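# Commentary on secondary and tertiary structure
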Amino acid sequence: MEETISLKEIFGVIKKRLLLIFTFILVAALAAAIISYFILTPKFENSSQFIVNQSNQEQANQFTQTDIRTNVEIINTYNVIIKSPAILDTVADELRLDLSSSQLSEKISVTSEENSQVVTVTATDPDPVLATDIANTTVDVFQEEIPQIMNVDNVSVLSQAELAEEPTPVAPNPILNIAIAIVLGAMVGVGISFLLEYLDNTIKTEQDIEKQLNIPVLGVISHLDEKDIRNEQFSRGTSKNAVRGGLDGAKKTV
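Residues numbered from 1 in each chain as written. Predicted model: local features only at pLDDT ≥ 70, side-chain atom pairs only at ≥ 80, totals over all residues. Heavy atoms only, no water.

## Quick word on helix α7 (residues 128–150)
Keep this limit in mind: Think of it this way: any DSSP run of H or I at least four residues long counts as a helix, any run of E at least two long counts as a strand, and we number them from the N terminus. Multiplying 1.5 Å by the helix residue count minus one yields the expected span of that helix. The quantity called bend is, for any residue, the angle between two axes fitted respectively to the seven residues ending at it and the seven beginning at it. Burial classes follow relative accessibility: with a 1.4 Å probe on protein chains only, a residue under 20% of its type's maximum area counts as buried, one over 50% as exposed, and anything between as partly exposed. In the analysis that follows, any N or O atom pair within 3.5 Å is treated as a polar contact, provided that within protein one partner can donate a hydrogen and the other can accept it, and provided that, for residues neighboring in sequence, both atoms belong to side chains.
When the terminal C-alpha atoms of α7 are compared, their 32 Å separation across 23 residues agrees well with the 33 Å that a helix rising 1.5 Å per residue should span. Of all the bends found along α7, the most pronounced is centred on glutamate 144 and spans about 35°, while proline 147, a proline, follows it within four residues. Buried residues of α7: Pro128, Ala131, Thr132, Ile134, Ala135, Asn136, Thr137, Thr138, Val139, Val141, Phe142 and Ile146, and no others. At the N-terminal end of α7, a side-chain oxygen is found 3.1 Å from the backbone nitrogen of valine 129, two or three residues along, and the residue is aspartate 127. A positive backbone phi angle near 60° is found at asparagine 151, which sits one or two residues after α7.

Here it is, written out as structure tokens:
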């Protein structure tokens, strides 16, 4: 037999475990803030662009769809070459970096828009100055080396990376991390709340008896603690004293 749960029961479980849910949210948000502000290293990025031009012979002829496809294929090839050891080893030497070509390649990304001759080289590093130098040096070295590698001279620098006065890190993003942590904390808190409610098979109310045992409730025995008993005894003693005081007054009047 399948069990169903109503919206009222769902809100009842959430209300019952609200403190637990808020605890998970608070812990997740604090953890994300501490990690974002004090543990993760800020990273900066800067970009330089170059353009792949047509040769003079190609410019004299009509620009066809085949020429566009050829340029795109050349740019795809350039995107691979620019991150190869032939380029990055020279970049590391010029910047005097104690990095291998594979390590330096992880700091560089190369992108180009579809059917565009412009290629963007982006460098990422904890040092904003070094990120700027890596982007510019990579494009400069590539422009110098590509005629020897491809036997063509069709690369021109379009724009160089410039260091801002107050560089802003691109990672981490504390606000985004905290927001994600709050959502995840709420999801985990709600999930654990329903899990605890599902595992809790104790009988607490008359409705639980009817639901679990499928029998009607004929009567309920109320629970009395010591405080209730003392209050009851005090009430009875007060009533007796009042009765006795009334009788004594009646006798004196007679």
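## Brief notes about unusual backbone geometry
With an omega dihedral of -5°, the bond running from alanine 171 to proline 172 counts as a cis peptide bond. Mapped onto the secondary structure, proline 172 falls in the loop between β4 (155–159) and α8 (174–199). Backbone geometry places arginine 96, a non-glycine residue, at a positive phi of 55°. If you trace the backbone, arginine 96 turns up in the loop between α5 (85–95) and α6 (101–105). Among the residues examined, arginine 96 registers a relative accessible area of 78% and is labelled exposed. One non-glycine residue, asparagine 151, adopts positive backbone phi at about 60°. Within the fold, asparagine 151 resides in the loop between α7 and β4. Take asparagine 151: its relative accessible area is 68%, and that puts it in the exposed class.

## Focus: the packing of aromatic side chains
The relative placement of two aromatic rings is captured by the distance of their centres and the angle of their planes. For the record, the criterion: To pair, rings of Phe, Tyr and Trp, with the six-membered ring standing in for Trp, must have centres within 6.5 Å; the planes then decide the type, stacked if under 30 degrees apart, edge-to-face if over 60, and tilted in the middle.
One pass over the full model with this rule turns up two aromatic pairs. For the pair phenylalanine 50 and phenylalanine 142, a centre-to-centre distance of 5.1 Å together with 40° between the ring planes defines the contact as tilted. A residue pair is termed long-range when its members are at least 10 positions apart, and phenylalanine 50 in strand β1 (residues 44–52) and phenylalanine 142 in helix α7 qualify at 92 residues. Taken together, the ring pairs connect Phe50, Tyr78 and Phe142 into an aromatic cluster.

## A short note on the pattern of salt bridges
To keep it simple, the criterion reads: Put simply, a salt bridge is a Lys or Arg side-chain nitrogen that is within 4 Å of an Asp or Glu carboxyl oxygen.
Taken as a whole and assessed by the stated rule, the structure comprises three salt bridges. Where lysine 16 meets glutamate 197, a salt bridge forms, and the shortest distance between an N and an O atom there is 3.4 Å. Placement of the pair is lysine 16 in helix α1 (residues 7–16) and glutamate 197 in helix α8, with a sequence separation of 181 residues. On the basis of relative accessibility, which here comes to 47%, the residue lysine 16 falls in the partly exposed class. Residue glutamate 197 is classed as partly exposed on the basis of its relative accessible area of 27%. A salt bridge links aspartate 125 to lysine 107, with the shortest nitrogen-to-oxygen separation between them at 2.7 Å. Taken together, the positions of aspartate 125 in strand β3 (residues 118–125) and lysine 107 in the loop between α6 and β2 (108–112) put the pair 18 residues apart, joining distant regions of the chain. Judged by its relative accessible area of 6%, aspartate 125 falls in the buried class. When salt bridges with common partners are traced through the structure, they connect Lys16, Arg17 and Glu197 into a single cluster.

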